[in-house]
Amino acid sequence: RSLASPSAFSALAADSNAPKQPFVIGVSGGTASGKTTVCDMIIQQLHDHRVVLVNQDSFYRGLTPEESERVHEYNFDHPDAFDTEQLLDCIQKLKSGQAYQVPIYDFKSHRRCSDSFRLVNASDVIILEGILVFHDQRVRNLMNMKIFVDTDADVRLARRIRRDTVERGRDINSVLEQYAKFVKPAFDDFVLPSKKYADVIIPRGGDNHVAIDLIVQHIRTKLGQHDLCKIYPNVYVIQSTFQI
Ligand code: CTP
């Protein structure tokens with residue numbers, strides 16, 4: 001526990017008239033690590049706040065007809081597979097309080113739906129989820145909190161086989177081939193090295209209720225601090241801080 005210093009609080013109080021900026025959380029981790037479950041649990045617990053979820057998957061580039069013909073040679077786990085400029089634009093706009101039309105991606109056709117979008121409105125909390133959301137420094141810099149979901153590779157592969165065969169229209173051989181050729185190497189080259197940017201690492205993903213409770217408590221403290229400053233701009237607050 002620490003008592004907020006007068007100078008730290010003056011800075012907060014001075015900011016109290018500024019428009020409220022959303023709290024941005026990045027949630028990364030390997031394929032099928034349970035990122036979506038962690039996000040859903042955070043969203044559920046923050047039911048009294050406006051929270052929006054943005055998936056990095058929505059910003060996959062659509063394949064050209066030539067790439068579609070040779071889809072088994074396409075690396076969906078490389079950073080270049082995403083339109084990061086558009087993702088950056090999206091998070092910047094949402095962070096500045098504007099709404100954004102997020103593309104809709106279809107994992108079966110490997111294309112974006114050309115005529116429909118998901119309108120994401122301004123909110124108190126923005127959660128950005130995806131395997132490579134910590135890769136680009138500009139995207140990372142927009143985040144107030146970075147979470148890495150750390151789940152064993154065998155658990156992730158088992159989940160991925162189930163999900164891709166049931167939900168994404170793939171056969172088991174193509175899932176295993178893609179995993180060995182692209183998913184695992186890209187995890188080692190890009191996803192795992194980005195773990196060092198995380199503020200919080202959650203072992204076992206969505207099964208870890210204690211970690212999620214602590215994270216939600218921290219987000220509430222951060223959101224509440226802003227509200228307190230608005231109500232009592234001339235008083236000091238006792239600020240509690242903790243680390244997982
Ligand atoms: N991918 C694919 N085909 C595409 C686009 C992406 O197979 N047309 C795969 C990539 O190989 C990548 C994965 O989708 O590894 C990214 O999605 P993933 O993180 O596994 O999905 P989430 O549901 O976000 O994961 P989690 O279970 O952690 O919530």
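Residues numbered from 1 in each chain as written. Predicted model: local features only at pLDDT ≥ 70, side-chain atom pairs only at ≥ 80, totals over all residues. Heavy atoms only, no water.

## Focus: the nonpolar core
How we decide: Joining through side-chain atoms within 4.5 Å is the link that ties buried Ala, Val, Leu, Ile, Met, Phe, Trp, Tyr and Cys residues into a set, and such a set is a nonpolar core. Residue exposure (1.4 Å probe, protein chains only): buried if accessible area is under 20% of the type maximum, exposed if over 50%, otherwise partly exposed. Secondary structure counts use DSSP, requiring at least four H or I residues in a row for a helix and at least two E residues in a row for a strand, with both numbered from the N terminus.
In this structure, V54, Y60, C90, I91 and L128 are the most contacted members of the largest nonpolar core, which totals 34 residues. The set of elements that each furnish at least two residues to this core consists of β3 (51-55), α4 (84-95), β4 (100-106), β6 (125-129) and α7 (172-191). If one sorts the elements of this core by residue count, α4 sits on top with five residues. Core analysis: the second largest hydrophobic core is formed by 23 residues, I42, M145, V200 and I212 among them.

## Let's talk about the site of the ligand
This is how the line gets drawn: Here, proximity means that at least one heavy atom of the residue falls within 4 Å of the molecule or strand. Here a polar contact means two N or O atoms within 3.5 Å. Within protein one must be a hydrogen donor candidate and the other an acceptor candidate, and residues neighboring in sequence count only if both atoms are side-chain atoms. Areas reported here follow the Shrake-Rupley algorithm with a probe of radius 1.4 Å; residue values treat only the protein chains shown as occluding. When residues are sorted by character, Ala, Val, Leu, Ile, Met, Phe, Trp, Tyr, Cys and Pro go into the nonpolar class, Asp, Glu, Lys and Arg into the charged class, and all the rest, Gly among them, into the polar class.
Inspection of the region around the ligand gives 21 residues, with T31, T36, D77, E129 and R160 positioned closest. In this structure, an oxygen atom belonging to the ligand sits 2.8 Å away from a main-chain N or O atom of K35. For the ligand, an oxygen atom lies 3.2 Å from a polar atom in the side chain of Q178. Relative to its unbound accessible area of 630 Å², the ligand is 94% covered by the protein chains. By residue class, the composition of the shell around the ligand is seven nonpolar, six polar and eight charged.

## Brief notes about the pattern of salt bridges
Stated formally: A pairing counts as a salt bridge when a side-chain nitrogen of Lys or Arg comes within 4 Å of a carboxyl oxygen of Asp or Glu.
Taken as a whole and assessed by the stated rule, the structure comprises 11 salt bridges. Here R220 ties to D48 by a salt bridge, and the two come within 2.9 Å at their closest N and O atoms. Note that R220 is positioned in helix α8 (residues 209-231) and D48 in the loop between α2 (35-45) and β3, a separation of 172 residues in sequence. R220 sits in the partly exposed class, given a relative accessible area of 31%.

## Focus: the environment of D106
Mapped onto the elements, D106 comes out in strand β4. Accessibility expressed as a relative area gives 28% for D106, which makes it partly exposed. Sequence spacing of D106 and G62 is 44 residues, and the spatial spacing of their C-alpha atoms is 9.2 Å.

## Some points on the environment of T165
Defined as follows: Should any heavy atoms of two residues lie within 4.5 Å, those residues are counted as being in contact.
Mapped onto the secondary structure, T165 falls in helix α6 (residues 153-166). Between the C-alpha atoms of T165 and V175, which are 10 residues apart in sequence, the distance is 7.9 Å. Excluding its chain neighbours within four sequence positions, the residues that come into contact with T165 are R170, D171, I172 and V175. A polar side-chain atom of T165 sits 3.1 Å from the main-chain carbonyl oxygen of R162.

## What to know about the confidence of the model for the protein chain
Selection rule: Per residue, pLDDT measures the predictor's confidence, with a range of 0 to 100.
Mean pLDDT over the protein chain works out to 87, with 84% of the residues at or above the 70 mark. Confidence drops under pLDDT 50 across residues 228-244; counting only partners more than four residues distant or on other chains, this segment forms 34 contacts.

## Notes on the packing of α6 against α7
Applicable threshold: As a rule, the C-alpha atoms of each element are fitted with a line to give its axis, helices using only the stretch in contact, and angles between N-to-C directions run from 0 to 180 degrees. Any angle that is under 35 degrees is reported as roughly parallel, and any over 145 degrees as roughly antiparallel; angles of 65 to 115 degrees are reported as roughly perpendicular and all others as oblique. It is the rotation of the near helix from the far one that decides the hand of a crossing: anticlockwise by less than a right angle makes it left-handed, clockwise makes it right-handed.
Direction vectors running N to C along α6 and α7 enclose 135 degrees, while the axes themselves pass 11 Å from each other. Between α6 and α7, the angle falls in the class oblique. Taken as a pair, α6 and α7 cross one another with a handedness that is right-handed. From α6, A153, R156, L157, R160, I161, D164 and T165 reach across to α7, where they touch I172, V175, L176, Q178, Y179, V183 and F187. Its residues assigned to classes, the contact of α6 with α7 comprises nine nonpolar, two polar and three charged.

## Quick notes on the side chain of S123
Relative to the elements of secondary structure, S123 occurs in the loop between β5 (111-120) and β6. There is a polar contact of 3.2 Å between the side chain of S123 and the backbone oxygen of V125. The contact partners of S123, leaving out residues within four places of it in the chain, are P22, R50, V51 and V52.

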